Amino acid sequence: MQESQNIEVPIMADVFAQGREPEYLFWVGCAGAFDDRYKKVARAFVKILTFVGADYAVLGKEETCTGDPARRAGNEMLYQMQALTNIATFDNYKVKKILTICPHCYNIFKNEYPDLGGVYEVVHYTQYLQELIANGTLEMTGELLNDKKITFHDPCYLGRANNIYEAPRAVLKAMDTQHVEMPRHKSFALCCGAGGGQMFKEAETGDKEIFIERTEEALKTGADIIASSCPFCMTMLTDGLKYKNREEEIFNYDIAELVVMALDI
Amino acid sequence: MAKQIIFIITLLITLAIFAYTVRRLYYFFRITKRFPIKNYVKRIVLMFEVSFLQTKIFRKPAIGFLHAMVFWGFCVILLGSMEMVFDGLTGSERAFYTDGLWYKIIFASGDIFALIILFAIFFFIIRRLFFKIKRFAGRELSHKNHIDAYVALSLIFLLMVSLLAMNVFYCVENPVPLKGYYPISSFLAGYLKDMEHESAMILYELSWWWHILLIFLFANILPYSKHFHVFLSVPNTFLSRLDPLGKLPNMDNITKEIKLMMNPETAFATPESGAAVIERFGVKDVEDVTWKNYFDSLCCTQCGRCSSVCPANLTGKKLSPRKVMMDLRARMNQKGPGIIKSGKDFDDQRSLLNDFTTKEEIWACTTCNACAKECPVNINQPTLIVDLRRYLVMEESSAPSGLNMMFTNITNNGAPWQFSPEDRMIWAKDIPQNMKI
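Quick caveat, the model's predicted, so the values are computed rather than measured.

As a further point, take the overall build of chain B. When helices and strands are counted, chain B shows 19 helices and one strand. Relative to the compact-globule value of 22 Å for 437 residues, chain B shows a C-alpha radius of gyration of 28 Å, a clear excess of over 25%. Principal-axis analysis of the C-alpha atoms gives chain B an extent of 95 × 70 × 40 Å. Counting over 437 residues, chain B shows a buried share of 38%. Taking the intrachain contacts of chain B between residues at least 6 apart in sequence as the baseline, contacts between residues at least 24 apart amount to 76%.

What follows covers the pairing of strand β5 (residues 121–124) of chain A. Residues and elements named next belong to chain A. Here β5 shows one buried face, formed by Val-122 and His-124, and one open face, formed by Glu-121 and Val-123. Taken together, the four bridges between strand β4 (residues 97–100) and β5 define a ladder with parallel strand orientation. Directly across from Thr-100, in β5, lies its bridge partner His-124. Remark: the β4/helix α6 (residues 103–112)/β5 crossover connection has right-handed handedness.

A word on the nonpolar core. By size, the foremost hydrophobic cluster in this structure holds 145 residues, and its most contacted members are Leu-25, Phe-45, Cys-192, Ala-227, Leu-237, Ala-256 and Val-259 of chain A. The residues contacting Leu-25 of chain A, other than those within four sequence positions of it, are Met-12, Ala-57, Leu-59, Val-95, Lys-97, Ile-98 and Leu-99 of chain A. Grouped together as the second largest cluster of nonpolar side chains are 32 residues, Phe-113, Met-166, Ala-189 and Trp-208 of chain B included.

Quick look at helix α3 (residues 61–90) of chain B now. Residues lying three or four places apart along an α-helix face the same way, a consequence of the helix completing one turn every 3.6 residues. All names here are of chain B. Taking 1.5 Å of rise per residue, 30 residues should cover 44 Å, and α3 covers 43 Å from first to last C-alpha, within 8% of that figure. At Ile-77, α3 shows its strongest bend, of approximately 25°. Buried within α3 we find Val-70, Gly-73, Ile-77, Gly-80, Glu-83 and Gly-88. The secondary structure elements touched by the buried residues of α3 are α1 (2–31), α4 (101–130), α5 (143–173) and α7 (197–221). In the stretch just after α3, Gly-91 is the one whose phi turns positive, near 75°.

Turning to the interface of chain B and chain A, a few remarks are in order. Contacts between the two partners involve 62 residues from chain B, matched on the other side by 66 residues from chain A. Among the secondary structure elements, those contributing two or more residues to the side of chain B that touches chain A are α9 (252–262), α13 (311–314), α17 (370–374), α18 (382–394), α19 (401–413) and β1 (431–436) of chain B. Of all the elements, α19 of chain B adds the most residues to the side of chain B that touches chain A, at seven residues.

Looking now at the packing of α3 of chain B against α4 of chain B. Residue and element names in this part refer to chain B. Orientation of α3 relative to α4, taken along the N-to-C sense of each, is 140°, at an axis distance of 8 Å. The orientation of α3 relative to α4 falls into the category oblique. Considering the relative orientation of α3 and α4, their crossing is left-handed. When α3 is examined against α4, the residues Leu-66, Met-69, Val-70, Gly-73, Val-76, Ile-77, Leu-79 and Gly-80 are found in contact with a partner set consisting of Ile-106, Phe-107, Ser-109, Gly-110, Phe-113, Ala-114, Ile-116, Ile-117, Ala-120 and Phe-123. For the contact of α3 with α4, the per-class residue count stands at 14 nonpolar, four polar and no charged.

Turning our attention to the sheet that holds strand β8 (residues 225–228) of chain A. Strand pairs in the sheet, formed through backbone hydrogen bonds, run parallel or antiparallel to each other. Residue and element names in this part refer to chain A. Within the open sheet, the four strands sit side by side as β7-β6-β8-β9. Their pairing is parallel. This sheet does not close on itself; its edge strands, each paired only once, are β7 (178–180) and β9 (251–254). For this sheet, the mean inter-axis angle between neighbouring strands, taken without regard to orientation, is 35°. Two strands pair when backbone bridges link them, and β8 and β9 are joined in this way by four bridges, in the parallel orientation.

Turning our eyes to something else, we now look at the pairing of β8 of chain A. Residue and element names in this part refer to chain A. With burial as the criterion, each face of β8 is covered, one bearing Ile-225 and Ala-227 and the other bearing Ile-226 and Ser-228. Across three bridges, strand β6 (residues 149–152) lies against β8 in parallel orientation. Bridged to Phe-152 within β8 is Ala-227. Between β8 and its parallel partner β9, the chain crosses via helix α10 (residues 231–243), and the hand of that crossover is right-handed.

Overall, parallel pairing links the four strands, which are arranged β3-β2-β4-β5 (chain A) in an open sheet. Every other strand in the sheet has two partners, leaving β3 (56–57) and β5 of chain A as the edge strands with one partner each.

Residues and elements named next belong to chain A. In terms of domain boundaries, chain A breaks down into domain 1 (12–129) and domain 2 (140–263). Domain 1 and domain 2 are separated by 23 Å when their C-alpha centres are compared. Mapped by element, the contributors of at least two residues to the side of domain 1 that touches domain 2 are α2 (29–34), α3 (36–51), α4 (68–72), α6 and α7 (125–134). If one sorts the elements of the side of domain 1 that touches domain 2 by residue count, α3 sits on top with nine residues. By residue class, the composition of the side of domain 1 that touches domain 2 is 15 nonpolar, six polar and six charged.

Before going further, it helps to spend a moment on α10 of chain A. Residue and element names in this part refer to chain A. For α10, spanning 13 residues, the distance from its first C-alpha to its last is 18 Å, which sits close to the expected 18 Å at 1.5 Å a residue. Those residues of α10 that fall on the buried side of the exposure criterion are Pro-231, Phe-232, Cys-233, Met-234, Thr-235, Met-236, Leu-237, Gly-240 and Leu-241. Looking at the packing, one finds that the buried side of α10 touches α2, α3, α9 (210–220), β8 and β9. Asn-245 occupies a position one or two residues after α10 and carries a positive phi of about 55°.

This paragraph deals with the environment of Gly-193 of chain A. Within the fold, Gly-193 of chain A resides in the loop between β7 and α9. By the C-beta count within 10 Å, which is 29 here, Gly-193 of chain A ends up buried. Between the C-alpha atom of Gly-193 of chain A and that of Leu-144 of chain A, which follows or precedes it by 49 residues, the distance is 31 Å. Apart from residues no more than four positions distant in its own chain, Gly-193 of chain A is found in contact with Gln-198, Glu-209, Ile-210, Phe-211, Arg-214 and Met-236 of chain A together with Pro-311 and Thr-366 of chain B.

Quick notes on the rules
Residues numbered from 1 in each chain as written. Chains lettered and ligands numbered in written order. Predicted model: local features only at pLDDT ≥ 70, side-chain atom pairs only at ≥ 80, totals over all residues. Helix = DSSP H or I, 4+ residues; strand = E, 2+ residues; numbered from the N terminus. Rg over C-alpha atoms; globule rule 2.2 N^0.38 Å. Buried ≥ 20, exposed ≤ 12 C-beta atoms within 10 Å, placed from the backbone. Contact = placed C-beta atoms within 7 Å. Pairing = 2+ DSSP bridges. Right-handed = clockwise from strand over helix to strand, strands pointing away. Core = buried A, V, L, I, M, F, W, Y, C linked by C-beta atoms within 7 Å. Expected span 1.5 Å × (residues − 1). Bend = angle between axes of the 7 residues up to and from the residue. Axes fitted to C-alpha atoms, helices over the stretch in contact; angles between N-to-C directions. Parallel < 35°, antiparallel > 145°, perpendicular 65-115°, else oblique. Left-handed = near helix turned anticlockwise from the far one by under 90°. Nonpolar A, V, L, I, M, F, W, Y, C, P; charged D, E, K, R; others polar. Domains from an automatic or database assignment.

Structure, rendered in structure tokens:
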């Protein structure tokens, strides 16, 4: 028997007003909040959080850009304004643990906010899921993904930037799926082409787009699903599949979405 | 005695030239900015891993193995060279000789490594000449750079030939009992056993001088060559950035300014007169880089592993992380002497940015850190690229229009896209939770 009801995503200001301090701040990120494709990932992750009964809240309208794209594009002034604003908000809610879906947000909180006085325990959702799988909370018994062939695209800011290669793979391996690697994977992974502010500008002249090069590599593995765990990578790979006219048969899913499918929730 | 005097004179000349080089570099380094070095224990461990275990060179296992053999061989052979210098200075012969096993092991492995290096270098030369290796053909490599590579390789080749010759004639000249053990050379000496003792001795002396003079020459060419990495790689790994690759260095001067701005008491105060020289934001020219950036550029041996994994470079864009390093070194050679002569205000109407590294290159970077991850000697290219961007954005306001739009969006509505912060929770509406009961 199934019972359907809508999830109420807890807002930090409300939870705090009730005198509670949630364990995690779930940082949705601009893509999770505004990008049509990535909104689905934020929703999927919230489903998982609800499923496992996590104690979390989001900032809602108080959330604002971490400053990552500005910083990597050279606008240190704007980055620091954003960072100091965010740190003030976090102080306000006594935030200690931050959960992020975007690796760029993860990286900036973990590595760069400490220089400005913002020190937190930062957890990427793939690490969080890996932990849940390890302690037996998440048992992915759903049959939706049975025997699907999956390849994982390492986001630069998760992989090379922070040496997180195993967490996303551990999550994928806990599903009933086949795993294939691209020739360039883990620390050798090729960037999707969107980092460092590239997402927001035209590419310089060259003989190929980076996202096409990467999509071709992913397609060559013969995978049915290209998994990613970064909003920028998702935009790029989805565009790549469209460019290659393969979007009807090969799908680009975020790991959070795959977990929801595998859990059948 | 005559040999000793000649040796001392050549050594002094060598040292004098080397001192001149070091002095010149010291003044160049003084132009650059500070870069604090802490955590010595961690650095020693890192140096051991990356330099002595060659962990990063092994990211390309086959060619990496050859390089590792050359490196380890050099380390062993260096001990023998030190003995040669000592012998030359004091007139002694094989001064470090002891009866124990160690001397035998070191000299035996030196002898074997000499042959291995000889073959490796021969292969490297052939590979450069006839194999079409893409990373040896970048736009940034001029004819001069290729010559530089061949000169260095040939010198190493000749160094090994002379070392082996020296060992062979030593074996021929001294049938019993040899100081040290020379498996390769004593085997080769077997073919020369009919040689007169006199000629063997002369040939030994000649190859001894040939080898030591080549070492002196090599040492003085290196600092002007891409092969400076022979000296600088080990220290460069010790001086590596210890931060995760994803972390950019904070600009403390900006933090200070924002804090002044945010504090109502200081926001409208007139700045103290002459409080500080206004510092340029970001990097425009050599005086804006840290000494570590410059050290990186000197250490770069133009192997091109960085550019061979750079997504921009791979897809035909102009950006090449190797070029960014080569540009810095070249620009310092161009501007450094002028600054030393005429002081910090020296201006030759050129700059690292634009005249060497162009905007088109800088804006093509995705900050994916593949280059830094790949560099066998832990050079960090992305931080310098971002520093060049910082200058363009904060001093010249000349970012590509898409980025300016992104800046405006973040400033006005707190997201890189044009969405209202009021709409930040729309994603969370109507998420069904079909919990199984």
